[in-house]
Amino acid sequence: MRIALSQLTTGPAPDKNLRLVEEWTLRAADAGARVVVFPEASMACFGTRLAPLAEPLDGPWADGVRQIAQATGTIVVAGMFTPAPGGRVTNTLLATGPGVEASYDKIHLYDAFGFRESDTVAAGSAPTVIDVDGVRLGLATCYDVRFPELFRAQADAGAVATLLAASWGAGPGKLEQWELLVRARALDATVWLAAVGQADPGGEPGSAPTGIGHSRVAGPDGTVRHALGAGPELLVADLDLDEVAAVRQKTSVLANRRPEVWR
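For clarity, every value in this text was computed on a predicted model and none was experimentally measured.

Reading guide: rules and limits
- Residues numbered from 1 in each chain as written.
- Predicted model: local features only at pLDDT ≥ 70, side-chain atom pairs only at ≥ 80, totals over all residues.
- Heavy atoms only, no water.
- Helix = DSSP H or I, 4+ residues; strand = E, 2+ residues; numbered from the N terminus.
- Buried < 20%, exposed > 50% of the residue type's maximum accessible area, 1.4 Å probe, protein only.
- Contact = heavy atoms within 4.5 Å.
- Pairing = 2+ DSSP bridges.
- Salt bridge = Lys/Arg side-chain N within 4 Å of Asp/Glu carboxyl O.
- Axes fitted to C-alpha atoms, helices over the stretch in contact; angles between N-to-C directions.
- Parallel < 35°, antiparallel > 145°, perpendicular 65-115°, else oblique.
- Left-handed = near helix turned anticlockwise from the far one by under 90°.
- Nonpolar A, V, L, I, M, F, W, Y, C, P; charged D, E, K, R; others polar.
- Arc of directions from axis to C-beta.
- Expected span 1.5 Å × (residues − 1).

Engineer: Just checking my understanding: could you explain the environment of L50 for this structure?
Structural biologist: If you trace the backbone, L50 turns up in the loop between strand 2 (35-37) and helix 2 (60-72). Residue L50 is classed as buried on the basis of its relative accessible area, which comes to 9%. Between the C-alpha atoms of L50 and R88, which are 38 residues apart in sequence, the distance is 8.2 Å. Residues within four places of L50 in sequence aside, it is in contact with A44, C45, F81 and V89.

So this is what it looks like as structure tokens:
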């Protein structure tokens, strides 16, 4: 399966960001990608007042992404914000395209490093997997990468790869943590892990997460197969799905679990 990771920088205006989604999807489709993954907050960057911009999954921004996916024959995965009770929003990944229509609401909220996502965002409650051409893929968002249970749950549900969309905040040690966590989640769930983040916008980072780039694809053995730098760039990668079964036979961490010990 050929996938593309669109490491771009979005701004506060959803309409302009939708045009970026179109531009980058066309580039990915021209490169033969079947699945095109965009970062978290593709609809509007963090640091923006999100509640006034949030739209339902049948709203104009999501419909625009659907039209792009249908026109290019690709599956597009993009981060957006949907309305939630109490004036908050939900941090949602939309996955759409021929034969696919699903969404994932971010389960683990970023109440860390001095930031409180839960002040403005409502948490999701269930993992999501999608099927593309008979291949099952999991969906995850940013801070989720610190929680291995989600990725194992997707593997238990039949996923052989997880698509992780992020807007990873800058700071001391954050790049090293990102690199380590992506590899670790691939290894302890024995899945391909395709992780795309917002590109580094340059300048001094503010109090809200922005992006550091360094999108990457890790194999089910935890090794990095493809990686980008900090700036805007498109990564196109072919995933050898047969490798998952081979690694799981050799490294039987899923089969050897003893969950009853920890209950």
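From this point on, the discussion continues.
Engineer: Can you walk me through the pairing of strand 12 (residues 192-197) in this structure?
Structural biologist: With respect to burial, strand 12 is a largely interior element, six of its six residues being buried. Burial of the side chains of strand 12 extends over both faces: W192, A194 and V196 are buried on one face and L193, A195 and G197 on the other. In terms of strand pairing, strand 11 (residues 161-166) meets strand 12 through six bridges, oriented parallel. Each residue of the ladder has a partner; that of T162, found in strand 12, is L193.

Engineer: Just checking my understanding: could you explain the pattern of salt bridges for this structure?
Structural biologist: Any two side chains of opposite charge can pair, given that their charged atoms come close. Tallied over the entire structure, the rule returns 16 salt bridges. R258 is paired through a salt bridge with E260; the nearest N and O atoms lie 3.2 Å apart. By relative accessible area, R258 is classed as exposed at 53%. The network of salt bridges with common partners includes E40, K106 and E117.

Engineer: I'm lost on unusual backbone geometry in this one. Help?
Structural biologist: Note on backbone geometry: most residues besides glycine have negative phi, and most peptide bonds are trans. Phi angles above zero are rare outside glycine, and A41 is one such case at about 60 degrees. Residue placement: A41 occurs in the loop between strand 2 and helix 2. According to the relative accessible area criterion, A41 is buried, its value standing at 0%.

Engineer: How should the packing of helix 1 (residues 14-30) against helix 2 be read in this particular structure?
Structural biologist: The geometry of a pair of packed helices is captured by two quantities: the angle between their axes and the separation between those axes. Here helix 1 crosses helix 2 at 15 degrees, and the two axes come no closer than 10 Å. Considering their axes alone, helix 1 and helix 2 lie roughly parallel with respect to each other. Between helix 1 and helix 2 the crossing geometry is right-handed. Here P14, L18, V21, E22, T25, L26 and A29 of helix 1 come into contact with helix 2, specifically with W61, G64, V65, I68 and T72. Residues that form the contact of helix 1 with helix 2 fall into these classes: eight nonpolar, three polar and one charged.

Engineer: It is not clear to me how the packing of helix 3 (residues 148-156) against helix 4 (residues 174-189) should be interpreted in this structure. Could you clarify?
Structural biologist: For the pair helix 3 and helix 4, interaxial distance at closest approach is 9 Å and the crossing angle is 40 degrees. The angle between the axes of helix 3 and helix 4 places the two elements in the oblique class. The chirality of how helix 3 crosses helix 4 is right-handed. Facing P148, F151, R152 and A155 of helix 3, the residues of helix 4 in contact are R185, D188 and A189. Taken together, the residues that form the contact of helix 3 with helix 4 break down as four nonpolar, no polar and three charged.

Engineer: Can you walk me through helix 5 (residues 242-250) in this structure?
Structural biologist: For an α-helix, 3.6 residues make a turn, and residues three or four places apart therefore share a direction. Along helix 5, the residues classified as buried are E243, V244 and V247. Angularly, the buried residues of helix 5 cover 105 degrees about the axis, an arc narrow enough to put them on a single face. Structural note: helix 5 exposes D242, A245 and Q249 on the side pointing more than 90 degrees away from its buried face. Against strand 12 and strand 14 (224-227) lie the buried residues of helix 5.

Engineer: Before we go on, may I ask you to explain the sheet that holds strand 13 (residues 216-218) in this structure?
Structural biologist: Sheet strands pair by backbone hydrogen bonding; their relative direction is either parallel or antiparallel. Strand order in the open sheet formed by six strands is 9-10-11-12-13-14, and the pairing between neighbours is mixed. With partners counted over all chains shown, the strands left at the sheet margins are strand 9 (129-132) and strand 14, one partner each. Taken over all neighbouring pairs, the strand axes of this sheet differ in orientation by 20 degrees on average, direction set aside. As paired elements, strand 13 and strand 14 share three bridges and run antiparallel to each other.

Engineer: Honestly, helix 1 in this entry has me stumped. Any pointers?
Structural biologist: If you check helix 1, its first and last C-alpha atoms are 24 Å apart, about what 17 residues at 1.5 Å a residue would give, namely 24 Å. Among the residues of helix 1, P14, N17, L18, V21, W24, T25 and A28 are the ones counted as buried. Relative to the axis of helix 1, the buried residues are bounded by an arc of 130 degrees and lie together on one face. Facing away from the buried side of helix 1 by more than 90 degrees, the exposed set consists of D15, K16 and D30. Elements in contact with the buried residues of helix 1: strand 1 (2-7), strand 2, helix 2, strand 3 (75-83) and strand 15 (233-238). The positive-phi residue at the C-terminal boundary of helix 1 is G32, with phi of around 90 degrees.

What is shown is where atoms sit, not what they do.
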